[in-house]
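Fold and contact review
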Amino acid sequence: MKARIILSAIAVLCFGFVASAQEVKIGYTNVEYIMSLMPEMEQIDADITDYGAQLDQQIQTKNRDFQQQVQSYQQSMNSMTEQARGEKEQQLTKMQQDIQKFQQDVQASYQRKLQELLEPVQTKVYNAINAVAAENNYTHIFADSAGQAPVLLYTKDDDPFTDLVLTKLGVTPPANPNN
């Protein structure tokens, strides 16, 4: 009799696990691939290429000015006093440092501009992923992350996993987590 009760309990537990497993539906997508097919990307590519060319032109102009200053200094350094030579070298060193800082600023500006251009497309793609996941009863959606571990993009609001972990740790989850 005891064996039947134990077998019945195991069967109920197994059935419970199977029922729970059927509720989980995991999807996987490649956001970069989706974005690369978006029609907006052609314009974004053209815009960022133009912006990059403008920034490159500014860097080239500053480098050209610096090279001219260096050549001028090299041609006249023998006729300069020690003090004038020292002042000119300090001026050239500062100019070179300013160019290096400008190049760093240009890189940051380029990244900001790229992110600004991509943000509306990313939002559109993420909204579509969330909508498709909800419409098709997915519980979790993972996505590629540029050669890194996949990133969780979507999870159902009623996914109990966090509450289960809290319970396992002996922590009582709040009745309404949005409070």
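Our structure is the block above this text.
Conventions and cut-offs
- Residues numbered from 1 in each chain as written.
- Predicted model: local features only at pLDDT ≥ 70, side-chain atom pairs only at ≥ 80, totals over all residues.
- Heavy atoms only, no water.
- Helix = DSSP H or I, 4+ residues; strand = E, 2+ residues; numbered from the N terminus.
- Buried < 20%, exposed > 50% of the residue type's maximum accessible area, 1.4 Å probe, protein only.
- Lys, Arg positive; Asp, Glu negative; His and termini not counted.
- Salt bridge = Lys/Arg side-chain N within 4 Å of Asp/Glu carboxyl O.
- Contact = heavy atoms within 4.5 Å.
- Phe/Tyr/Trp six-rings, centres within 6.5 Å; stacked < 30°, edge-to-face > 60°.
- Lys NZ or Arg CZ within 6 Å of the ring centre and 35° of its normal.

1. Comments concerning the environment of proline 120
Structurally, proline 120 can be placed in helix α4 (residues 82-135). Residues proline 120 and glutamate 40, spaced 80 residues apart in sequence, show a C-alpha to C-alpha distance of 9.5 Å.

2. Focus: the side chain of lysine 88
Examined against the element boundaries, lysine 88 turns out to sit in helix α4. Despite its burial, lysine 88 pairs with no opposite charge, the nearest such side chain being glutamate 87 at 9.9 Å. Excluding its chain neighbours within four sequence positions, the residues that come into contact with lysine 88 are Gln69, Tyr73 and Met80.

3. A short note on unusual backbone geometry
Backbone geometry places asparagine 137, a non-glycine residue, at a positive phi of 60°. Position of asparagine 137 among the secondary structure elements: in the loop between α4 and β2 (140-145). Relative accessible area serves as the criterion here: at 47%, asparagine 137 is assigned to the partly exposed category.

4. Considering the packing of aromatic side chains
Tallied over the entire structure, the rule returns zero aromatic pairs. Against the face of tyrosine 51 rests lysine 113, its NZ or CZ located 5.6 Å from the ring centre.

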